[in-house]
Amino acid sequence: MASSKPQRSPAEVEDIILRKILLVALVDPSASGGGGGGDPRVVYLEQTAAEILSEGKPLLLSRDCTERVLLDRLSYGGGDGPAAVERRPFFYLIGCFRRAQDEAKKVAAMKDPAVRAEIEAAIKHARKLVVSYCRIHVGHPDMFPSSPAAASPASDLLSLIFSEVSGPTDVFAGNSLAGDLKSPPGFLDEFFREADSESLEPIMGELFDKLKQSVEKVSALGNFQQPLRALLLLVGYPNCAKALVNHPHWIPTDKYILIGEGRMIEIGSILGAFLHVSALPDYKEFKSKPDVGQQCFANASTRRPADLLSSYTTIKTVMNILYDGLAEVFLTLLKNTDTREKVLEFIAEVIKKNAARSRMQVDPLLCASSGMFVNLSAVMLRLCEPFLDATASKREKIDPQYIFYNKRLDFRQLTAMNASSEEVAAWIENQSHNCRLIESQEATSSGNNSGASLLTKGRLLMSCTKKEKYSFICESFFMTTRVLNLGLMKALSDFKHLVQELARYEEELSTCKAMRDQGASPQLEEDIKRLEKVIEILSQDKLCYEAQILRDGALLQRALSFYRLVIIWMVDLVGGFKMPLPPKCPMEFACIPEHFIDDAMDLLIITSRIPRALEGFVLDDFLNFIIMFMASPSYVKNPYLRAKMVEVLNCWIPHRSGLSTTASLFEGHQLSLEYLVRNLLKLYVDIEFTGSHTQFFDKFTIRHNIAELLEYLWDVPSHNNAWRQIAREEEKGVYLNFLNFLINDSIYLLDESLNKILELKEIEAEMANTTEWERRPPQEREERMRQFHSRENIVRFDMKLANEDVGMLAFTSEQIPTPFLLPEMVERVASMLNYFLLQLAGPQRKSLSVKDPEKYEFRPKQLLKQIVKIYVHISRGDKENIFPAAISKDGRSYNEQLFSTAADILWKIGEDGKIIQEFVQLAAKAKAAASEAMDAEAILGDIPDEFLDPIQYTLMKDPVILPSSRVSVDRAVIQRHLLSDSTDPFNRSHLTQDMLIPDTELKLRIEEFIRAQESRKRSKTSGLQFSKPNEPDDGVADMVE
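- The name that an unreviewed UniProt entry assigns to the chain is RING-type E3 ubiquitin transferase, with the source organism given as Ananas comosus.
- The chain has a UniProt comment under Pathway (unreviewed entry) that states "Protein modification; protein ubiquitination."
- Word for word, the UniProt comment on the chain under Sequence similarities (unreviewed entry) is "Belongs to the ubiquitin conjugation factor E4 family."

### Section: the nonpolar core
Line of reasoning, step 1. Counting 315 residues, the largest nonpolar core has Phe192, Phe629, Trp652 and Phe738 as its most contacted members.
Line of reasoning, step 2. With residues near it in sequence (within four places) discarded, Phe192 still touches Leu157, Ile161, Leu200, Met204, Leu207, Leu234, Tyr237 and Cys240.

### Section: the packing of aromatic side chains
Line of reasoning, step 1. Taken as a whole and judged by the stated rule, the model has 42 aromatic pairs.
Line of reasoning, step 2. Seen from their ring centres, Tyr402 and Phe478 are 4.8 Å apart, and the 5 degrees between their planes marks the pair as stacked. With Tyr402 in helix H19 (residues 402-405) and Phe478 in helix H22 (residues 472-486), the pair connects residues that are 76 residues apart, well separated along the chain. Residues Tyr402 and Phe478 agree in their burial class; the two are buried.
Line of reasoning, step 3. In textbook terms, an aromatic cluster arises when at least three aromatic residues are bridged by ring pairs, as seen for Tyr402, Phe411, Tyr470, Phe477, Phe478, Phe562, Tyr563, Trp569 and Phe596.
Line of reasoning, step 4. A cation sits over an aromatic face here: Arg73 above Tyr92, 4.0 Å from the ring centre.
Line of reasoning, step 5. It is Arg551 that lies over the ring of Tyr312; its NZ or CZ is 3.8 Å from the centre.

### Focus on the domain arrangement of the chain
Line of reasoning, step 1. One can read the domain layout of the chain as domain 1 (10-169 + 176-218), domain 2 (219-392 + 470-552), domain 3 (731-938) and domain 4 (947-1018).
Line of reasoning, step 2. A C-alpha centroid distance of 30 Å is found between domain 3 and domain 4.
Line of reasoning, step 3. Residue-level contacts link 11 residues of domain 3 with seven residues of domain 4.
Line of reasoning, step 4. Together domain 3 and domain 4 conceal approximately 770 Å² of surface at their shared face, both sides included; 49% is due to carbon and sulfur atoms.
Line of reasoning, step 5. Here domain 3 is connected to domain 4 by zero salt bridges.
Line of reasoning, step 6. Counting every contact that joins domain 3 to domain 4 gives zero residue pairs in polar contact (both at pLDDT 80 or more).
Line of reasoning, step 7. Put simply, the parts of the chain that give the side of domain 3 that touches domain 4 at least two residues each are helix H35 (734-768) and helix H38 (823-841).
Line of reasoning, step 8. The residue inventory of the side of domain 3 that touches domain 4, partitioned by class, reads four nonpolar, three polar and four charged.

### What to know about unusual backbone geometry
Line of reasoning, step 1. Here the amide bond leading from Lys289 into Pro290 is cis, since omega sits at -10 degrees, within 30 degrees of zero.
Line of reasoning, step 2. Mapped onto the secondary structure, Pro290 falls in the loop between helix H13 (270-275) and helix H14 (292-297).
Line of reasoning, step 3. Of note, the amide linkage connecting Met579 to Pro580 takes the cis form, showing an omega dihedral of 0 degrees.
Line of reasoning, step 4. Looking at the element boundaries, Pro580 is found in the loop between helix H25 (553-572) and helix H26 (587-590).
Line of reasoning, step 5. For Lys217, which is not a glycine, the phi torsion comes out positive at approximately 55 degrees.
Line of reasoning, step 6. The topology assignment puts Lys217 in the loop between helix H9 (197-215) and helix H10 (225-235).
Line of reasoning, step 7. On the basis of relative accessible area, Lys217 is assigned to the partly exposed category, the value being 44%.
Line of reasoning, step 8. Positive phi, close to 50 degrees, is recorded for Asn299, a residue that is not glycine.
Line of reasoning, step 9. In this structure, Asn299 sits in the loop between H14 and helix H15 (305-335).

### Concerning the pattern of salt bridges
Line of reasoning, step 1. Applying the stated rule across the entire model yields 53 salt bridges.
Line of reasoning, step 2. A salt bridge links Lys644 to Asp598, with the nearest nitrogen and oxygen atoms 2.6 Å apart. One end of the pair, Lys644, is in helix H29 (residues 639-651); the other, Asp598, is in helix H27 (residues 595-608), and 46 residues separate them in sequence.
Line of reasoning, step 3. The exposure class assigned to Asp598 is partly exposed, which follows from its relative accessible area of 22%.
Line of reasoning, step 4. With a shortest N-O distance of 2.8 Å, Glu688 and Arg703 are connected by a salt bridge. One end of the pair, Glu688, is in the loop between helix H32 (670-686) and helix H33 (695-714); the other, Arg703, is in helix H33, with 15 residues separating them in the sequence. When sorted by exposure, Glu688 lands in the same class as Arg703, which is buried.

The rules we used
Residue indices begin from 1 for each chain and proceed along its sequence in written order. Note on the predicted model: pLDDT of at least 70 is required for a residue's local features to be given, and 80 or more for side-chain atom pairs to be given and counted; whole-chain, interface and lining totals, by contrast, use all residues. Hydrogens and water are ignored here; the side-chain numbers use all heavy atoms of the structure. UniProt positions are given in the numbering used here, feature names are shortened, and annotations may be inferred rather than shown by experiment. The nonpolar core is taken to be a set of buried Ala, Val, Leu, Ile, Met, Phe, Trp, Tyr and Cys residues, with the residues joined through side-chain atoms within 4.5 Å. Only protein chains enter the area calculation, which uses a 1.4 Å probe; residues under 20% of their type maximum are buried, those over 50% are exposed, and those in between are partly exposed. Residue contacts follow a heavy-atom distance rule, with two residues in contact if any of their heavy atoms lie within 4.5 Å. Side-chain rings of Phe, Tyr and Trp, where Trp is taken by its six-membered ring, are said to pair if the distance between their centres is within 6.5 Å; with planes under 30 degrees apart they count as stacked, over 60 as edge-to-face, and otherwise as tilted. Helix and strand assignments follow DSSP, with helices taken as H or I runs no shorter than four residues and strands as E runs no shorter than two, numbered in order from the N terminus. Both a distance and an angle decide whether a charge sits over a ring: NZ of Lys or CZ of Arg must be within 6 Å of the ring centre and within 35 degrees of the ring normal. For every domain, the bounds stem from an assignment made automatically or drawn from a database. Once two parts are put together, the accessible area they lose, assessed with a 1.4 Å probe and summed over both, is termed the buried area. Salt bridges are defined as contacts in which a side-chain nitrogen from Lys or Arg sits within 4 Å of a carboxyl oxygen from Asp or Glu. Polar contact is defined as a pair of N or O atoms within 3.5 Å, subject to the rule that within protein one atom must be able to donate a hydrogen and the other to accept it, and that residues adjacent in sequence are counted only when both atoms are side-chain atoms. For this classification, the nonpolar set comprises Ala, Val, Leu, Ile, Met, Phe, Trp, Tyr, Cys and Pro, the charged set comprises Asp, Glu, Lys and Arg, and every other residue, Gly included, is treated as polar.

Here it is, written out as structure tokens:
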């Protein structure tokens, strides 16, 4: 029978366990029973053992000497061989922690609770020492000897962190950043959570630097997720978060030649490196790897749609992982009162240092990338989500005074809604003066002030008090508006220009290939190769933008929700969604940066053109906002911004939007029914003068959008009724101005189109003569081809607009003919119709035939039908028979034969017989009126110059005096002039209709002259009847002569 095993004392058990944990021996392992069991990792601490013996203590490890032993073990030089890695201080300490955990599990099975508690305390103490010395080692790597070739302890710690946060997707497009060493459970938590700021400070500086390096120049397809999760883990520890915002590279101050502050904060800051991760293209010096465009979208035109869709999905997925992770990092830091201020400061610095990103052309060396700002936009939108429901209680925390008094961002340098920088400065000074005055009165006032007076003063004080701090909601709101302006919205603008540039290159390539078909040259082949290369690069860039932004419906809807909050907040400043607006624009509204609305409208336009981007999104608040402000220059000064609002509405026309909900927007809203048509007509007039040097050409595009919208609304019964009511109420006001500009535009656009068609025919004839064409130098042919394509685009655009304008004249004249017959309008309308008839039915009409008229939207038959219908519609409403006279009075284009020719053409092309019959009857009336006019002219004879209108040189019927120049003109003539130009035509001074002074005395003299001439005519006629045959009197002879 075997002898029983000797029972070990608690001290011996403790010794064995601590030796296992620390891998040390106090007795030479080579001696029998020395401990270590032949493990090469065990280090014999001979000197330490000698010191313990000299102190008269047994050679047993205990809690009291653990630190001494650990320190001596760490001071051991290590060596080579299989145990060398384990002997490196960092790896050794991690092994100690893991072995301590293992031993703790074994000790838990001990039966004696007293011994178990003693041993557990020793293990816990050892573990605490291990973690503490690990901090010391990472912070002071030279304290303990290590291999010169070994990585820095901070690198080892980061690798350990990566292993802690690693996941199955970290091998995506690359290897995991974690090394072979795995983090023992609980080690990192104990390492960071239980450390004070002082002990962490030397560690975190290098650790964050290396974390930043791990993600530098990593694209969306690279492994950014491990570093991101590592950052998130670290900021979860308050002291680590504090160390991050106090790091020298939190807001870098380094300066480099040619690198601007905006780009520096991206490449130099710790968060900037994470924000740089993107799928968007960047300047070559800062381009990330792997190349997203090359890897996902190379030769996209030949790729299967399923492959492209897979790439889109991948990019959208990984970018949302980045957005969510960064948002969590920011939110964690913002919740920490010790770090919140520094985070807000960082965001403000990013905005301020990149203010130049708002320019059309951005210098990539001076400013941060679009990728960084789109990422920051996505993060800010996530931070704003809790208050995007736009409830009144949360909106009240958004203080408009922030624009004037905050100390982070300077809004006063931005273009304001309706206030100059001088006006803003003056208003702020006035507010400050009022505050000082009220505070002075409050300080000196006696106690017998009335309650009402005190209440008034209190309100004034509240309105003018400068806040030192604003709520987080307020700060986030205004910072997000700026980040979106410089980020998401700028990126969308860049995308738009990229698409336009790509289209230009594709058109140029098409032209070059067409020229190659007529004869190639080495230079032409070089040009084609160059263009194909550029188009490939631009196509890749375009698809990258689509993948990260345009196909991310969640990102776009978050941005829409934010801008809905913006416009509701702005409407609150003017009293809510109601019309009419207050007569005076509040200064708080006038000083809001213009881009607040501009960005909102741009986003609505873009999302309206992306399939399903607006699905489920409620647009009512946007519609009401647009109706309120699109025709209010006293609130929104910039006419182009108001025009952009119409472009939004144009995108929502049901047949264009593809959404069933947009019809109810126009047809079921009270503000829409009452004000939409009225404000569209007003804007149509206002846009004539934008103040820009390109205003003449800009107005056509803007009016094209208005015309399309008006055409849709005309067929909506409720809006049609509103339109007719406006025509009655504003017959001499905005509606008459609208018709005048509609006629002006129609004449100009059709005239330009027809002239350009003649130029196209000329170039077509040149190319048709192949012998002569091929004799020309290649450069000359290329230039003529470019001219041809340029004119094609102009004709197509102008003719499209001309068709719209003529169409609008046709349907409005049918139901609302009266304004066309007003004295100041009827001759203008008649001249326009006669001119169109001359072009479409006159002798030169055959010269306007082109190969493919539909290509240019040139439909002469349809145009002729519409012109004739306008004649007929106005004639039907002509109760006083003034229209035929106006037609025949046009000396430039009227020809009675034209009406006959036009009628013949109409019969041939199948126009309604009733329309043709009425048109022929009108032609007969015009012919009769022409004859009558000749008779009247004969009766009047020589008219004195003082009775002639100085503008038209026609006999005045209702003379008026212009107040400034004191010139007398015919009322109808000057009213016609004032429809287009509110100035005195003789000295350019301001003039309106209500300033005209009736020239009663001149009118009486003219009427007397007419009566006298008519009387003279009657007398001569009577005398002729009673004179003898063959003996005419002198007067009759004069008349015959």
